[in-house]
Amino acid sequence: MGWYNAAVGNPFKLPYVDDTLCAVVISKPDMFEKSVKPFIFKSLKEHGNYPSHLKDPIDESTRQNLHHVTSELDIEVEIIQDFQLTPTRRPRVLVQTAGHVSGAVRYYQRCDILDDPWDPLKKVSGVCIHPRYGGWFALRAIIIFPMLCPDLKRKVPDDVIPNQEDRIRLLELFNWHWRDWRYRDVIPVQERYSEEQKTYLATKPSERFHMLNNYKPYVNQICAS
Ligand code: B12
């Protein structure tokens, strides 16, 4: 927690003491098949349609899985998901910074470029790269444990893009071409999203319900097998 709070500005600091133990939850490229689709099928089987009161299936399946796993612990943890906002509508947690200070992924930001080519007034968002999954992953949540861990060793994230030109290319692909997926392949990767997951993510959230309901004819078949 202290590593995170030291990096972010005041509005984003979390109200815990520095030695509080936290974990960052990352979804692997096959999350859609392993977690989201089974969740969608279960919901369609139970309700006939995807219930409109539930959140986006990615967020909702993550929420349920995290609660399921952490409820088996003897302690009560706090989970903050990537989409949660404060009352002033700021993200409750900046998962990219959390991912970087945890050592799991490297967060590349504009300040990592020595002499950048962009208009100083232009907003250039940073992006995290995972040593094995490149950009084919997401940072879903942090888990805050009610325990102090003053001796935790800090892992420096792998600098998988040491070259300045490659960093510039990465930030340009992420900011202005993210829809073509190329930023995710800036380093060789072990695994990517399936075509089905890409279609799902490329569909506007408001139209995803329609896509979900297209699974209906297959629900009985798949749930039975
Ligand atoms: C709001 C938001 C958006 C907005 C605004 C984008 C933005 N970055 O501002 C919009 C809708 C445009 C957007 C678009 C996209 N987004 Co978005 N978005 C978010 C969200 C919810 C919050 C980001 C935010 O507001 N940050 C606030 C700013 C101020 O944070 P910051 O720039 O990092 O600044 C902090 C750091 O610099 C830190 N800091 C300072 N010094 C130092 C030094 C070090 C060493 C470190 C580590 C930190 C640090 O302090 C600053 C704060 O005080 C995050 C999820 C989350 N909860 O974090 C996802 C997130 C950033 N988005 C993501 C993605 C993938 C996208 C899209 C590709 C669409 C998509 N979902 O597929 C596009 C990309 C286009 C783009 N230009 O960003 C991913 C990025 C994953 C990755 N590999 O990094 C995230 C993390 C979601 C996730 N679940 O994985 N997004």
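Look above for the structure.
Criteria and thresholds
Residues numbered from 1 in each chain as written. Predicted model: local features only at pLDDT ≥ 70, side-chain atom pairs only at ≥ 80, totals over all residues. Heavy atoms only, no water. Helix = DSSP H or I, 4+ residues; strand = E, 2+ residues; numbered from the N terminus. Polar contact = N/O pair within 3.5 Å; in protein donor to acceptor, adjacent residues only side chain to side chain. Contact = heavy atoms within 4.5 Å. Phe/Tyr/Trp six-rings, centres within 6.5 Å; stacked < 30°, edge-to-face > 60°. Disulfide = S-S within 2.5 Å. Patch = residues over 30% accessible without salt bridge, like charges linked within 9 Å, V, L, I, M, F, W, Y side chains within 5 Å. Areas by Shrake-Rupley, 256 points an atom, 1.4 Å probe, with all protein chains shown as cover. Salt bridge = Lys/Arg side-chain N within 4 Å of Asp/Glu carboxyl O. Axes fitted to C-alpha atoms, helices over the stretch in contact; angles between N-to-C directions. Parallel < 35°, antiparallel > 145°, perpendicular 65-115°, else oblique. Left-handed = near helix turned anticlockwise from the far one by under 90°. Nonpolar A, V, L, I, M, F, W, Y, C, P; charged D, E, K, R; others polar. Near = heavy atom within 4 Å.

A.B. asks: Hey, could you run me through the side chain of T203 in this one?
C.D. replies: By secondary structure assignment, the location of T203 is in the loop between helix 6 (195–202) and helix 7 (205–213). Within the structure, the side chain of T203 is placed 2.6 Å from the backbone oxygen of T199, a separation counted as a polar contact. Apart from the residues within four sequence positions on either side, T203 is in contact with R208 and M211.

A.B. asks: What is the right way to read the packing of aromatic side chains from this model?
C.D. replies: All told, the structure shown has six aromatic pairs when counted by the stated rule. Considering the side-chain rings of F32 and Y200, the 5.1 Å spacing of their centres and the 40° angle between planes classify their relative orientation as tilted. Of the two residues, F32 sits in helix 2 (residues 31–47) while Y200 sits in helix 6, which places them 168 residues apart along the sequence. Joined through ring pairs, the aromatic side chains of W136, W181 and Y193 make up one cluster.

A.B. asks: Would you explain the state of the cysteines in this entry?
C.D. replies: Every disulfide links exactly two cysteines, by a covalent bond between their sulfur atoms. In total, this model carries zero disulfides according to the counting rule given. In this structure C22 is not part of a disulfide, and its nearest cysteine sulfur, from C149, lies 10 Å away.

A.B. asks: Would you mind going over a nonpolar patch on the surface with me for this structure?
C.D. replies: Taken together, L73, I75 and M147 make up a surface patch of nonpolar side chains, about 220 Å² in accessible area. Examined against the element boundaries, M147 turns out to sit in strand 5 (residues 138–148).

A.B. asks: So what exactly am I meant to see when it comes to the packing of helix 2 against helix 6 here?
C.D. replies: Packed helices, taken two at a time, are described by their axes: the angle between them and the distance between them. It is at 10 Å that the axes of helix 2 and helix 6 come closest, and there the two elements cross at 60°. Put simply, helix 2 runs oblique to helix 6. Of the two possible hands of crossing, helix 2 and helix 6 adopt the one that is left-handed. For the pair helix 2 and helix 6, the contacting residues are M31, F32, E33 and K37 in the first and E196, Q197 and Y200 in the second. Residue composition of the contact of helix 2 with helix 6, grouped by class: three nonpolar, one polar and three charged.

A.B. asks: Looking at this structure, how should I read the site of the ligand?
C.D. replies: As a structural note, the neighbourhood of the ligand is formed by 26 residues, with G9, D82, Y107, Q109 and C128 the closest of them. Between the ligand and V93, the relevant distance is 2.9 Å, taken from a nitrogen atom to a main-chain nitrogen or oxygen of the residue. Side-chain polar atom of Y107 to an oxygen atom of the ligand: 2.5 Å apart, as the coordinates give it. A total of four residues in the shell around the ligand trace back to one element, the largest contributor, which is helix 4 (residues 95–102). The class makeup of the residues in the shell around the ligand is 16 nonpolar, seven polar and three charged.

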